[in-house]
Amino acid sequence: MPPYVFDSWLLRADPADRERLQKSAIGVLATLHAIELGPEDLALLRPREEGATALRRHVASQRRYYDWVVAADGIRSPLIERGFAWLEANWPQEEARKG
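Participant: Looking at this structure, how should I read helix 4 (residues 54–73)?
Facilitator: Along its 20 residues, helix 4 runs 29 Å from first to last C-alpha, staying within 8% of the 28 Å computed at 1.5 Å per residue. Every buried residue belonging to helix 4 is among Arg57, Val59, Ser61, Tyr66 and Val70, and all of these are buried. Where the residues of helix 4 are buried, they touch helix 5 (78–89). Downstream of helix 4 by a residue or two, glycine 74 has a phi angle that is positive, lying close to 75°.

Rendered as structure tokens:
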């Protein structure tokens, strides 16, 4: 539930300011995507969570992030929690071990 979908400075900004924000955000994303990373840099992007596969580590990372957000404000999302439960109940029988 991103805060910018509610009554906020973004919704109250005039169209020219929103357009400037949008173009600036796209410019920042383009600049980030132009950065060349080496193997040692990419290691920093890997989830720190334990897990035998990249998928396990990724889902554990997302779960940890969700738990951190809930701990911060106490607002739970039944949809996200059902999603995590569904993932566990429908986990692939076989996963790639690389990554």
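Participant: When you look at the confidence of the model for the protein in this model, what are you seeing that I'm missing?
Facilitator: Across the protein, the average pLDDT comes to 86, with 90% of residues at 70 or higher. Across the protein, element-level confidence peaks in helix 2 (residues 15–33) with a mean pLDDT of 96 and bottoms out in helix 3 (residues 39–43) with 81.

Participant: Mind showing me how you'd approach the packing of helix 4 against helix 5 here?
Facilitator: Packed helices, taken two at a time, are described by the angle between their axes plus the distance between the axes. Here helix 4 crosses helix 5 at 155°, and the two axes come no closer than 12 Å. Considering their axes alone, helix 4 and helix 5 lie roughly antiparallel with respect to each other. When you trace helix 4 past helix 5, the crossing you get is left-handed. Only Ile80, Glu81, Phe84, Leu87 and Glu88 of helix 5 make contact with helix 4, whose side of the interface consists of Arg56, Val59, Gln62, Arg63 and Tyr66. Looking at the contact of helix 4 with helix 5, its residues break down into five nonpolar, one polar and four charged.

Cut-offs used in this document
Residues numbered from 1 in each chain as written. Predicted model: local features only at pLDDT ≥ 70, side-chain atom pairs only at ≥ 80, totals over all residues. Heavy atoms only, no water. Helix = DSSP H or I, 4+ residues; strand = E, 2+ residues; numbered from the N terminus. Expected span 1.5 Å × (residues − 1). Buried < 20%, exposed > 50% of the residue type's maximum accessible area, 1.4 Å probe, protein only. Contact = heavy atoms within 4.5 Å. pLDDT = per-residue confidence, 0-100. Axes fitted to C-alpha atoms, helices over the stretch in contact; angles between N-to-C directions. Parallel < 35°, antiparallel > 145°, perpendicular 65-115°, else oblique. Left-handed = near helix turned anticlockwise from the far one by under 90°. Nonpolar A, V, L, I, M, F, W, Y, C, P; charged D, E, K, R; others polar.

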